[in-house]
Structure formats: C-alpha cells, structure tokens
Amino acid sequence: MTVTYSSKVANATFFGFHRLLLKWRGSIYKLLYREFIVFAVLYTAISLVYRLLLTGAQKRYFEKLSIYCDRYAEQIPVTFVLGFYVTLVVNRWWNQFVNLPWPDRLMFLISSSVHGRDQHGRLLRRTLMRYVNLTSLLIFRSVSTAVYKRFPTMDHVVEAGFMTADERKLFDHHKSPHLKYWVPFIWFGNLAAKARDEGRIRDSVDLQSLMTEMNRYRSWCSLLFGYDWVGIPLVYTQVVTLAVYTFFFACLIGRQFLDPTKGYAGHDLDLYIPIFTLLQFFFYAGWLKVAEQLINPFGEDDDDFETNWCIDRNLQVSLLAVDEMHMSLPKMKKDIYWD
Amino acid sequence: MTVTYSSKVANATFFGFHRLLLKWRGSIYKLLYREFIVFAVLYTAISLVYRLLLTGAQKRYFEKLSIYCDRYAEQIPVTFVLGFYVTLVVNRWWNQFVNLPWPDRLMFLISSSVHGRDQHGRLLRRTLMRYVNLTSLLIFRSVSTAVYKRFPTMDHVVEAGFMTADERKLFDHHKSPHLKYWVPFIWFGNLAAKARDEGRIRDSVDLQSLMTEMNRYRSWCSLLFGYDWVGIPLVYTQVVTLAVYTFFFACLIGRQFLDPTKGYAGHDLDLYIPIFTLLQFFFYAGWLKVAEQLINPFGEDDDDFETNWCIDRNLQVSLLAVDEMHMSLPKMKKDIYWD
Amino acid sequence: MTVTYSSKVANATFFGFHRLLLKWRGSIYKLLYREFIVFAVLYTAISLVYRLLLTGAQKRYFEKLSIYCDRYAEQIPVTFVLGFYVTLVVNRWWNQFVNLPWPDRLMFLISSSVHGRDQHGRLLRRTLMRYVNLTSLLIFRSVSTAVYKRFPTMDHVVEAGFMTADERKLFDHHKSPHLKYWVPFIWFGNLAAKARDEGRIRDSVDLQSLMTEMNRYRSWCSLLFGYDWVGIPLVYTQVVTLAVYTFFFACLIGRQFLDPTKGYAGHDLDLYIPIFTLLQFFFYAGWLKVAEQLINPFGEDDDDFETNWCIDRNLQVSLLAVDEMHMSLPKMKKDIYWD
Amino acid sequence: MTVTYSSKVANATFFGFHRLLLKWRGSIYKLLYREFIVFAVLYTAISLVYRLLLTGAQKRYFEKLSIYCDRYAEQIPVTFVLGFYVTLVVNRWWNQFVNLPWPDRLMFLISSSVHGRDQHGRLLRRTLMRYVNLTSLLIFRSVSTAVYKRFPTMDHVVEAGFMTADERKLFDHHKSPHLKYWVPFIWFGNLAAKARDEGRIRDSVDLQSLMTEMNRYRSWCSLLFGYDWVGIPLVYTQVVTLAVYTFFFACLIGRQFLDPTKGYAGHDLDLYIPIFTLLQFFFYAGWLKVAEQLINPFGEDDDDFETNWCIDRNLQVSLLAVDEMHMSLPKMKKDIYWD
Amino acid sequence: MTVTYSSKVANATFFGFHRLLLKWRGSIYKLLYREFIVFAVLYTAISLVYRLLLTGAQKRYFEKLSIYCDRYAEQIPVTFVLGFYVTLVVNRWWNQFVNLPWPDRLMFLISSSVHGRDQHGRLLRRTLMRYVNLTSLLIFRSVSTAVYKRFPTMDHVVEAGFMTADERKLFDHHKSPHLKYWVPFIWFGNLAAKARDEGRIRDSVDLQSLMTEMNRYRSWCSLLFGYDWVGIPLVYTQVVTLAVYTFFFACLIGRQFLDPTKGYAGHDLDLYIPIFTLLQFFFYAGWLKVAEQLINPFGEDDDDFETNWCIDRNLQVSLLAVDEMHMSLPKMKKDIYWD
C-alpha cells in the first residue's frame, strides 16, 4: 500500500522533515536494515582480522591495499549515475500512476447517454461498464504480481463476476496466438452500436463520445502494459547496480581505520565505528532502493500501487454509478445565494 | 498566501536580485531562523568546550576528530542529491498548480448552452454550476489541511451553501466503502441529460461539449487527489534529509577553528565566527526548505496555494456568470476603428 | 524587445559563435558592466590596502584570511545551484512565450463561421473579435509592467477602442470582489449563442467549435496570469542569489595576489589583474543575469516579450481578418502545375 | 527481442537487484565481453612490456608517461558527457516505443461504425484495416533493418497479403519522386467517403471519427520515420565516443601498476590485476552500450523492439476484430452483483 | 542535408560506435578542423617561443604563469555549463523538427471531404491545398536562410506556382504593418465556407474538421516562427561561449610542457605534443559545435533540415493526393486471409 505522508509535511516547520526520519513503514530503515547488517558484519569481520589476526607484514600489505581501495572508491561516480538513473525511474513510475485506468469518465458518459430505466437499459449500462472493468483486470493480471496471485486463472475472473460464463466461452472461441485483452472492447463497441440502433443511444455524437472515451481507456491500459513489457534496458540497471555494489565493496576495505601510529595521511584517528561510511551506505543504498521500489510499482512493496483495491473500487463504483444512480437526481432547490 | 515578487524583478537591473534578499515574508530568513539559531548555539557550545574545558590531550583528540569530520563532510554529495530532489519536487508542485480546478471553462459553456431566462432555467444553470463547485470542494477537503479545518464535516459544506439538505440526504443514501466525491458529477450528467430532454440544451453536440468539459474538470480534481495520495516515496525524502542533516552534524565538529599554533593544514587562522559554514547552512538548509515548502502546497505556508480563497472565488464568480450574466449583453456599437 | 540573433548563427562556421561576443544590445556586457565596475573597484581597493597600507603583521593576517576565503570559495556549489535554477527559469520563460494568447485561430473560425456581409454581420464579427482582444489586454495589464504603464486605468482601455462606453458601464455594473477579466468571454459566449439563434452561426457544431477555441484562448490567458501570480518560490531565488553573492564576496579577498616572496602555495606570481577571477565573474554573474532577465519576461528588458506590440498587432490583424477579409477571395484559377 | 525483467523486481527485497547481475541475455556481459577481452589483453601486453622488456631508463620514462596519463584520465568528464547523452538517447528511445503504431483504436471504430454483415461489408472493413496495416509496414520497412530483411521488395509485401496485385499496380502508377507510404491512407479516406455515400457509414460524425483516428495513426508512422531520418547529430555521438575511448586509452597506460619501490605517490602496491580500472571499464563502456543499444531500437539487439512480431500481430488481430468479431456479442446476462 | 547514420548503428556490435568516428560529412572533424589548426598553431608558437626565444628569467616567469593558468583552467566549469546549455539547445532543435508543417493530414481530409470530380471540384481542392503550401512557404522564407535565397521576393513565389497573379494582387491589397503570412489561411477558411454553401463540403462536421486541421497546421507554422523570433537569450549563449573560449585560452599557456628539470609538480615529462589537451579541445569545442549546429536548424549546415526539399515534396505530394488520387481506388478484392 502506498505510504502517504503529505499531511505530515503540509507546513514547513522547525526541522520539518525530521519527523519523517522516525517512520518505519515504507522507510529507509525497513528497506535497508538487512543489507546494513550484512555490511556492518563484513566491515567488523575485516576490521577484526586486521587488528587481531594479521602479522606485521600482512598488516602493512593490508594498509596499502586499504589506501588503494579508498582512492578508487572516491573515483566511482556513484552520485551521478544514481542521480540520472533514479530520475529516469521516478519519471516512469509517476507516468505509470498517471496512466492507471479509472472508469470514472466513462461511467459519467454511460450514465447520461445510454437511456432507459427498464431492465434492458440497466443490463445495457451494467454490461458496458463491466466490459471496461474486465479489460483493465486482464491488463492488471499480466502487469501486477499481486493481481495475478488473486486471479491466477480465467476461472477466478468469471467467479469474481467480471465475466459471465457465456462471455468466457465466446472469449475462448476466438483463436489468436496473441493476447486477447482487447476483446471486451470490441464487445463494448458492438454493444454500443447496437444500442444506437435500438435508440438507447440517441445519435452518433453520443456514440462517438463513448467510443473516444473508451479508446482513451484503452490507451491507459496499453501504456501500462507497455511500461511492463519494455522496461529500462537491463544494461542500464546493471551498470548502476555494479557501480553501487563496487563502491561498497571498495569501502569495506578502503574505509578501515588503519593504525594511527603508522602516520598514513588521513589516518590519525581510530574511531572503531566508521560513522560516515555507514551514513554513506544509507544515502547510496537508500537511493538505489528508491529505484528498486519504483522500477516495478505493481508489486507488493509498501510503496506500490494498490491494484487489487483499484479493481474492487472501480467495479463497485462504476456499477453503482450507471445503475442505481442513473437518472437519480436530488430535487432542485434554490441555493442560499439565490438573489 | 502565495508570495508574489515578479513585479519586483520585471527588469534586470543593477544587482537586480539584491532587493529580494531583504524581504521577510516567505523568505529564507523567516523559514530558517530557528534552525539557524540551533545550529549556531550548538557550534558555539562545542567551540567553547574545545577552547575552555578540554585538557591538552583531549584537545589533540578533538582536533583529529574535527579534521576527520571535515574530510567526510566534503564527501557527502549534498549538492547533487538536493539538485535532483528539488527539481522533482518543483515539477510536482507546478503540476499541482496547473491542475487546480477552475470552473471558468464550464461556466462559459453553461451560460451559452443552457437556455431559458425563467426561474427553471436559472435554477438549472445554478445547480449545474453548484455541483461542479461541490466536487472540487470535496476534493480540496481531503487534500488541503486549511480547507479541512474550515469544513471539518459535511454539515459545514451544507451550511456554506455548496449542498442543499436534499442533496446531502441522497449523497448519504448511496452506500459505498469508497470516496464519493464523484457523486455530484453523476448528478451533473443526469441533470444535463434531463435538460436536453426538456430542450433546454439544444442538441447532443452541446451536451457532449458540456460532458467533455466536465470530465476535464474531473481529471483536474482526481490528479490533485493523486498527487496527495501518492507522494514522492518516503525513502527518497529520507535519503535527502539524512544527507543534509549528516552534513551539518559533520560541520558542527569539522568546521571548528583549531588552534592555529598546531599547524594543521588549512587551520592557520582563528576567526571565531565560521562565516562560510554559516552561509553554507543557509544554502543547503534553504534548498531543503524549498522542498519542504513545496512538497505539499496545500498547507498554510507563506508560499502555499490559497485554496480557501479559490473555493470562494469559484463559487461567487461561477454563479454570477451563469445567472446574472446569462444572456446579458452590452449593446453592440461600432468600434472606433470602423472603416 | 526580443534580441533575435538566429540568422547570425544559421550555419556553424569557423569560430561560429565569436561574432555573438561582439554584440551590445541584450549582451552580457550591457547587462553586467555596472556590477563589473563595482566588483573591479572593490577588488582594486582591497588590493591597494593590502599592498600599500597594511603593516607587516597585518599583511600576514590578511594573507591567512585570503587563503581561508579562497579555500571556501571553491566549496560553494555555484555551478550546480545555477545550473538547476537557470534550467527551471528558462523552462518557465519558454512556456510563457508558448502561451502568449494569439487570436489567429479564433479569427479564422469567426471569419468562416459567422455569416452575413451586411452591417449587422460585420458588427457581430468585429464585436466578437474585440471581446477576445479585450480579455487578453486585461490580462496583460496585470502581468506586464509595460502594458500597465500604457493603460493605467480602464479609461485608457476605452479610449484605445478596446471597449465601448456601454461595455465599460456593464463591466462595472457586475460586482465581484474578484478579478473580472473573464467577463468579456461571457459576452462572447452570449453573443455567439445569440448569433446562432439568429442563424448567423449555422449550427451547434460551428458554435461549439468557436466556444472550444475561445476556451483555449482563455487557458492561455489564465496560464500567463498563473505564471505571474505563482512564481518560483522566493526561497529558491534567495538561495541562488546568496550563493552567487557569497562566492564573489569570498573572491574579493580570496583571489588577491599575495606576496610571492612568502611562498604560499599557488601564489608564486603577481599579475596585478586577476584575469581569471574577472572571467569567472562574467560566467557566474552572467548566468545569474540570464535568470534575472527571464524570471519575468514581461518587463522592459532587451530580451523581454514585446507585449504592447502584440496587443496592437492582434487588434489590427484580427479586425482586418474578420471584417474586410470576410468572404474576400481571389478568383480561382488553374495553377501552373494543372495537368 | 525485448528483455523483460520487471517481474523479477516487483518487490524490493534483500539486495534486490543482485539477481539481475546474473542474467546473460541482454546483459552488460554479453554486450561487452569482446571489448572487455580486448581491453584486458592490451592492458596485459603493456604491463608485460613494462615489467619484462623495458630497460631501467625506459622504465623510468614509462613511469612518467603513466603518471601523466593517469592525471589526465581523471580530467576527462566522461561521467557528465555520458549522463547527458544517455538521458537524451533514453528519452528518444522511449518516445519511439510510445509512438509505435497500433491499429487497435481504429479497429474498434471500424468494427462499430462500418455496418453490414454481408460480403461487401466484410470486404469493406477488411480492406480499410489492410490499408492501415500496409502503411505501417511500408514505414517499418524503411525504419527497421529486421523488417527490411523480411520484405526486401514490394513483391514480398504483396506475397505476404498486405497488398493485392491491383493495389500494387495502382500504387506504382502514381509517379512521385518522393516516398509514397501515405498512398494507402488516401485510399482509406476515399473508401471511407464511398462507404458513407453508400450508407455503410452512417453520418459525418462517424466518418470524421474514423479520419481523425487514421490521422493519429499517420502521425505515429511519420514520427517513427522522423526519428529514423533525423537522428541525434553525429557530432554529439562522436564527442561522447571520443571521450569514452580516450579515457580508456589513457587508462591503459595510466592505470598500470608502477614499481612500488620507486615511491611514486599512490603506487605503493602492485596488485597485477587492476580490479577497479576493470570495473570502471564496465561502468563507462556499459553506459555507452546503453546508448548504442537504444540509439536505433529497430535493429536486432536483444533489447530492440520486435517489429516483425508487431506486424504479424497487428494484421492478425485487426482482421479478426473487424471481420469475425463484427457485431458478435455474448448474450447479455445479469451479472452476479445485480441488486 | 541531414546526416542519417541510424542504419549504421542498428545493432550494438563490437566497438559499435567506432565506425562513426570515421565519417567525414557532418563529422566533428569537418566542423572543427579549422579551429583545431588555429589552436594547434598557437600552441606550437607559444611552445617555440618558450623553448627557443625566452631567456632564463623569462622562462621562470612563463613557467609560473603557465602553472597559474593551468590551475584556473581546471576551475572553469565548462562541463556543466555545456551540459545544461546543449540539453536546452537539443530540446529546442527537436521541437522545431517535430513542428515542421506537413500537409498530409489536411490532404487526406480534403481528398475525402471536398467532393466533385469535375473541373470546379478539382480547382477547389487544388486551391485549398495550394493555400496551405503557400503559408508554410511564407513562414519558411522568414525562418530559413536557404529558402530565402531561393525565394528572395514575392515574384519568385508567384513564379514557382505557389501563388497566382490575382492572389498576389489581393495579398498586396490588404494593408497591414504586420506580417501577412496568415492571409492564405483566411482565404482557406472563406473558400471552405463557400464550398459548404455550394454543397461541395457536406456538413458542418466536415467543415469544422477541416478548420481544426488547418488551425493545427497554423500552430506548427507559428511555432516555427516563434522559435526563430525568440531564441535562447543572447546572454546565455555568450556565457557559454566565453567559458569555452576562456578555457582554451588558459590551456594555450597552462598546458605547455615545462622544463622537466625544474621539478614542477606534474611536469616530469616533455611529450612535445599535448595529446590530452588536444583531445579535450575536441570534446569541448565539439560539444559547443553541437550547439552551434542546432541553434538554428534552418541554415545550410550538413545537419540542418532540408526545408527546400520539404517545400517541393509538400506541394508535389499534396496536389497529387487531392487531384489525381481523389476518389481513385483499387478494385476491392478478397485478401489472402479471407476465411
């Protein structure tokens, strides 16, 4: 579920963001504590080996190695690589959110343009609406692991009421080697055309309005599918991951406290705990975690989109809107500013 | 309220921006003076301890610690992290402004397409307009703390004239576990469809024009809601905050003036007041404050959007436009360039 | 007036951009020479004091101070702060240009869709067009200092022929605590609706075409207004300005030529004129000037938009197009490629 | 074929991205192993020459050269150049993906707006759909090497059923020195206009809906063509390539391990294998490979778009949708949430 | 003419981009060889003076100067300034390409919506199409130097068949102090309105479709004009040019090889040819050349848009499409996948 904290930062106050540092759900600590422990244990192990096990000559060699590693750790351009990469990931993530398919626009149109309060009219509106929801469900199944778990087979889709048994049969009847998530849209178009013939939809202007809106919905669906299908090229992700992992590997050796008595530059002090290196671990690994969380926002992370909730909300709300609320109107009364 | 200073910088003049440095409202000083005092007090305290309380050996140890801190303070990539993060926040902030829902487009259409100067016509136009305003109010209530304070319950909404008692009843009558801010749009659609049946709206072209515009309004509303619901991932904000806070923590110790007689590199001079470190505090903490202010532009900061004002303006102006000004026209006269 | 130099750089030639370095109008020299003189005088003054007035011990102290300042000058992240900030300003500036309201789209539609070559038809078209121009004038008045100077009161607007006296009266008659720049658009809608009733506009398709186009025009107007109303947060501008000013303050002391005989690192040479520091002044102050010029493109800078010219052009051209040129057509003849 | 890995990173887990490091297809290793071997061999060769063949004086000279190269290697701004360039390439690549022409929007419209279940109606719909597919095929032929290999001549296009022999003749009959991929769109417009005359398309609203959608399709086609025709300026690509190649050339000499006994700064240790330089090779060369892969996404790389698959899918699906599925509808039944 | 090399980089291969380094047309070498020669000659001259002409004391002074220059050369933020600036230029350049006016969308509409195969019908369609081409020609004349050379006066426009003598007369007849490139659009609108009156265009839906498309075309034209009129502010270009030129000026002195026997840090080696400085010249000057080439893409550079070719193609193709191909249709036949 998305972690919403915007109400906590509505006003810029005294050390405004510090409160955010104390949250657990969706936080850097929850995401990173395991990696942090591994890093700290490895650092400690190396430190103990250096301090207790190595002989003098081995120590000297290790010290040279440490200085060598430190020098190159600073040359690894982690900041820039991460900056450019995370910007790319964040943009894609937000575009995916913006393109989540919501049936609201369609339900307003169907409610006002498909006429008839009798059973046939109700059936018409509910069926049109169901086709729309069905398509997005089919897309979500192939995009989101959480939705796929909930609807592993088409039987589950039928069971959940998104599809009738007849529709299932016709759906399976059309043979195609390709994905068929667009089939309910064809039904939508055909049903709308039929409704126009029957006069339930008044004229072509209303019909084309519906079709345009339906095509917009389809674009959202196919864009979501596109984001899932064509991700950031694997090479880019590997380059970034390699850069970060290498940096920390270099730090494990390069940021050890060396014997201050040897007088190596910048090694006058032995603090035992490399406080700034640990903090750097939090920055960089945390920054990479931002990317890991957002690169596929349809998983089950704390910050991922709640697709299953969306599916339920959309079906419930859209059926309510086109059926029970069709032509329901409060009595018009003068408002309090009249004259 | 938004701080507008663009008229002050209309022309690029001699040291043009220096005048901006002297403003208080919405300024860096007003936002930062508390943090600045805390920082300065801590710095002074550490400085006094070092100068007055520590023994010689402790001083030597502190000096090493200070040099160590200084070295790592420079390695913290505050500039880049802030650069990328603030760019992201500023983009989101501006998009939220651009998507504030304004009813103007709808009121022009309603005024010119919904006919009838009699009471029923007036009621129709005013009611349509009111539904539009009601929806944005419902959205603003869940997005903006300032609006929520003003309208803590639906009773306040009714009282303020955005909803009649009948509408309230029908609104509550529809049972849904989900937010119902879209209900007035259903009413809008139904009422418009009814008006077309009655001939108040002439044909489907006019009706669909209204519906399209209404859907555009809805998109603004839902986008605002989306920005509030799905914020910048908490991890990202924490990474940036940690980086900045760590930097200043490192500066508190690392930027102390050490005893010049000890001959540490870069410590030849004891100025007592670390002028450049204090300025750096202003840059970086100020830059972070930009993010704090903009990350939720619906709070009560000096620079936040004046949502309550918007709500009032929109209701007042839109009722005026569709009622009093409906079909009101100045007498056409030849302009002065005629022939 | 905008400084256009694109024809000068049509082709990439031998040292292609060097010619641009010799321009005066809109140039970095014209914008910066005053600041440059101030900087140079201050630098010289400090230099003279150091060289001629200070005693030996004071000189030593000043030298330490200079080295201290130089060290921190390099730590100020002027480049990045400016890079991110100027990118933001340039994007806003270009968006403002792109959203300047041009009535051309509307005038084509009005000329071809509002029929009748008689006096009433002419009056209709001219009045519709005038309302459009009037609205943008009202917006420009509140956005641009140059336009405000030209039309300080509504009387000037009437006098210039954008409004008739009757319209002025009706405009003032509508009481609202809010800006009323949208009123002429209501008139536009009402007048167009009336024209449709009279059959001057043939059907709803034509009418809605006009209304859509008018709403597009309104969006341009209100976006311009928005850019003026909600600027870049003051804090951001202050952060950038502080960074640049601090940098130059640090340079004034830190970039002095110290006595080469003292053997300070990097101070082997006394050139008297700090050529590279002066060039850095040009880069950074010039970069900031880019922001100063563009942050409000409606002033009277060399590079600002010529809004007064726009207003005149739009009125003249649009009246010409809908009146004199309405239904004027050259005789159709076969072109030279016929068969 | 595109390498899809998003399901592997659905959740941010313990060292979440490390699994990606072990993939082969589309990976950095597969793309770089040849370059890597060349680099390693050259490095080893130089190392062996230095260690075994050079005399003492030559060694001293080489050491100086190595230090000189190392110093300049660090000055080459590979990171930034690559950062800006790859961002540009990635944006273009994604826009090309988003603008791949899919006939789905058109097929919904044709299926619901072009009436008649008789043979003529079927022929009409199939032919319209075929024209659409034909155009995108013509575009793909000039954009994608893979498609060009499959359809080297127009005969192949006819053979594959995208064009009939009659169409081929008429197509060739129109003489033009310019590309003629737009010809099928003219046929599409003419055929649709004819269908309207015959009453197969009911009115202008339906017809213009089709034409608008067809023009959208055309824009996708021509944008793809534009991306192919006007690439990133050659100079930019050369600048980036030169920077990266120069960097590695400088590294070959500058990152050699020099004799530790000579006491050169930073050369205390002889590790034989320059582990960090090799890793840097992976970062930078890998980053450049991202650009190489994406700069033309219509080739045959692991990560390129599967255009041939698209062509087949589009023809198969769109004919199915407008013919077999035209007016096919499952029986409407009450859904399980009815009442 | 645009330099297209995308087919050369379709697949990411072994050292994929190295082949691009060997091209001449549109290459960095062709663009830079003159500047490079100047730079090399100056460097050599200074080198010779230092080595052969200067006395010992002068040499010492020059050496100090060289070290001073080198130190500041590194402080000039060429990389960032160029990175941000080139990104801006590239974005503008691409937007200009995307907004080149193509008449294809209009020609499809005219061919299918303006009826009549008789001479009057042909004349109507050809004239409408010609007006569209005429407008873009007028715009191109003021934007592109190449087009202006080809059509220096309106007589050339008439001669080339874009305008008839009658049209020329009427065009000149309308007096306006402003540019009149929009006049043919007024004719277009008037002619289309007339065609509707005559029944050649069937109804308002068709007419408004044409007008909308025409307005889109106009937006392209005026956006191109806008890009030419309001360029990147001169100050920005000057700042960047100054930064790059200063950098190279500093390099001329600062990157000289100093006498190795004097033991200056980093001056142990005399290579005579400053290989890395020359390469840096290629990076930075090449990067600036990218900007020079793209800042006005309507010149006659190797990489500029072929506007004259566009003009010819558009006229030829669009006349062909609306005249010869109007209502021309291949005989409909069953495709090979039928059943």
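Novice: Lay out the overall build of chain A with the relevant residues and their values.
Specialist: Check the secondary structure of chain A and you find 13 helices and 0 strands. Taken over C-alpha atoms, the radius of gyration comes to 29 Å for chain A, far larger than the 20 Å a tight globule of 339 residues would show. Dimensions of chain A, computed from C-alpha atoms along their principal axes, come out at roughly 95 × 65 × 30 Å. Of all 339 residues assigned to chain A, the portion counted as buried reaches 68%. Sequence separation of 24 or more characterises 73% of the internal contacts of chain A that already satisfy a separation of 6 or more. Total accessible area on chain A is roughly 11,400 Å²; 61% of this is exposed by carbon and sulfur atoms. Once the 38 positive and 32 negative side-chain charges of chain A are each reduced to a mean point, those two points are 1 Å apart.

Novice: Tell me what's going on with helix 4 (residues 104-113) of chain D, and back it up with residues and numbers.
Specialist: Each α-helix winds once per 3.6 residues, and so residues spaced three or four apart point in a common direction. In terms of residue burial, helix 4 of chain D counts as a mostly covered element, since 10 of its 10 residues are buried. Inspection of helix 4 of chain D places Asp 104, Arg 105, Leu 106, Met 107, Phe 108, Leu 109, Ile 110, Ser 111, Ser 112 and Ser 113 of chain D among the buried residues, and these make up the whole buried set. The inward-facing, buried residues of helix 4 of chain D abut helix 9 (183-197) and helix 10 (204-229) of chain A together with helix 5 (119-143), helix 9 (183-197), helix 10 (204-229) and helix 13 (307-322) of chain D.

Novice: Explain the pattern of salt bridges to me, and be specific about the residues and the numbers.
Specialist: Under the criterion given, the structure shown has 95 salt bridges over all chains. Two residues, Asp 172 of chain A and Arg 168 of chain A, come together in a salt bridge whose shortest N-O distance is 3.1 Å. Taken together, the residues Asp 172 of chain A and Arg 168 of chain A, both in helix 8 (residues 165-173) and 4 residues apart, mark about one turn of the helix. Residue Asp 172 of chain A is classed as partly exposed on the basis of its relative accessible area of 32%. Residue Arg 168 of chain A is classed as partly exposed on the basis of its relative accessible area of 23%. Residue Arg 216 of chain D pairs with Glu 213 of chain D through a salt bridge whose shortest N-O separation is 2.9 Å. Residue Arg 216 of chain D and its partner Glu 213 of chain D are both found in helix 10; the two are separated by 3 residues, about one turn of the helix. Assessed through its relative accessible area of 7%, Glu 213 of chain D is described here as buried.

Novice: Summarise the confidence of the model for chain A; cite the residues concerned and give the values.
Specialist: Overall, the predicted model of chain A reaches an average pLDDT of 89, with 97% of residues at or above 70. For this predicted complex, the interface confidence score (ipTM) comes to 0.92, while the overall pTM stands at 0.93.

Novice: If you had to explain the relation of the copies chain B and chain A to someone new, which residues and values would you point to?
Specialist: Two copies of a chain can be linked by a rotation about an axis combined with a shift along that same axis. In screw terms, the move from chain B to chain A is a rotation of 72 degrees and a rise of 0.0 Å along the axis, fitting with an RMSD of 0.0 Å. Expressed as a symmetry operation, the mapping of one chain copy onto the other fits a five-fold axis. Proximity to the rotation axis, assessed at the C-alpha, singles out Val 205 of chain B in chain B; its C-alpha lies 5.5 Å from the axis. A share of only 5% of interface residues in chain B that are also interface residues in chain A marks the association as one of differing surfaces.

Novice: Break down the relation of the copies chain D and chain E for me, with residues and values.
Specialist: With an RMSD of 0.0 Å, the operation that places chain D on chain E is a rotation of 72 degrees combined with a shift of 0.0 Å along the axis. Mapped onto chain E, only 5% of the interface residues of chain D are again interface residues, and the two copies thus contact each other with different surfaces.

Novice: Can you break down helix 10 of chain D residue by residue, with the values?
Specialist: Taking 1.5 Å per residue as the helical rise, helix 10 of chain D with its 26 residues ought to reach 38 Å, and the 36 Å between its terminal C-alpha atoms agrees with that figure. Among the 26 residues of helix 10 of chain D, 22 are classified as buried, and the element is accordingly described as predominantly covered.

Novice: Any chance you could break down the interface of chain B and chain A for me, citing the residues and the numbers?
Specialist: At the interface, 98 residues of chain B touch 99 residues of chain A. Buried surface at the junction of chain B and chain A, both sides included, amounts to about 9,000 Å², of which 67% is carbon and sulfur. Linking chain B with chain A are 4 salt bridges. On the surface where chain B and chain A come into contact, there are 22 residue pairs in polar contact (both at pLDDT 80 or more). At 14 residues, helix 10 (residues 204-229) of chain B tops the list of elements feeding residues into the side of chain B that touches chain A.

Novice: Lay out the interface of chain D and chain E in plain terms, naming residues and giving numbers.
Specialist: Between chain D and chain E, the contact holds 98 residues from the first and 99 residues from the second. Of the roughly 9,000 Å² buried at the junction of chain D and chain E (both faces included), carbon and sulfur atoms supply 67%. Area buried by chain D at its contact with chain E is led by Trp 182, Trp 229 and Leu 234 of chain D, which between them contribute 8% of it. On the surface where chain D and chain E come into contact, there are 4 salt bridges. Across the chain D-chain E interface, the total number found is 20 residue pairs in polar contact (both at pLDDT 80 or more). Taken together, the residues that form the side of chain D that touches chain E break down as 49 nonpolar, 26 polar and 23 charged.

Novice: Please give an account of the packing of helix 3 (residues 78-98) of chain D against helix 3 (residues 78-98) of chain E that cites residues and values.
Specialist: Where helix 3 of chain D meets helix 3 of chain E, the axes come as close as 10 Å, and the angle between the chain directions of the two elements is 20 degrees. Taken together, the axis directions place helix 3 of chain D and helix 3 of chain E in an arrangement best described as roughly parallel. The handedness of the crossing between helix 3 of chain D and helix 3 of chain E comes out as right-handed. In this structure, helix 3 of chain D uses Phe 80, Phe 84, Leu 88 and Arg 92 of chain D to contact helix 3 of chain E, whose residues at the interface are Thr 79, Phe 80, Gly 83, Phe 84, Thr 87, Val 90, Trp 93 and Trp 94 of chain E. Looking at the contact of helix 3 of chain D with helix 3 of chain E, its residues break down into 8 nonpolar, 3 polar and 1 charged.

Novice: Can you explain the side chain of Asn 99 of chain E? Please cite residues and give values.
Specialist: Residue and element names in this part refer to chain E. Tracing the sequence through the fold places Asn 99 in the loop between helix 3 and helix 4 (104-113). Within the structure, Asn 99 has its side chain in polar contact with the backbone oxygen of Asn 95 (distance 2.8 Å). Every residue in contact with Asn 99, bar those within four places of it in the chain, is listed here: Trp 220, Leu 223 and Leu 224.

Conventions and cut-offs
- Residues numbered from 1 in each chain as written.
- Chains lettered and ligands numbered in written order.
- Predicted model: local features only at pLDDT ≥ 70, side-chain atom pairs only at ≥ 80, totals over all residues.
- Heavy atoms only, no water.
- Helix = DSSP H or I, 4+ residues; strand = E, 2+ residues; numbered from the N terminus.
- Rg over C-alpha atoms; globule rule 2.2 N^0.38 Å.
- Buried < 20%, exposed > 50% of the residue type's maximum accessible area, 1.4 Å probe, protein only.
- Contact = heavy atoms within 4.5 Å.
- Areas by Shrake-Rupley, 256 points an atom, 1.4 Å probe, with all protein chains shown as cover.
- Lys, Arg positive; Asp, Glu negative; His and termini not counted.
- Charge placed at Lys NZ, Arg CZ, Asp CG, Glu CD.
- Salt bridge = Lys/Arg side-chain N within 4 Å of Asp/Glu carboxyl O.
- pLDDT = per-residue confidence, 0-100.
- Least-squares fit on C-alpha atoms with pLDDT ≥ 70 in both.
- Expected span 1.5 Å × (residues − 1).
- Buried area = accessible area lost by both parts, 1.4 Å probe.
- Polar contact = N/O pair within 3.5 Å; in protein donor to acceptor, adjacent residues only side chain to side chain.
- Nonpolar A, V, L, I, M, F, W, Y, C, P; charged D, E, K, R; others polar.
- Axes fitted to C-alpha atoms, helices over the stretch in contact; angles between N-to-C directions.
- Parallel < 35°, antiparallel > 145°, perpendicular 65-115°, else oblique.
- Left-handed = near helix turned anticlockwise from the far one by under 90°.

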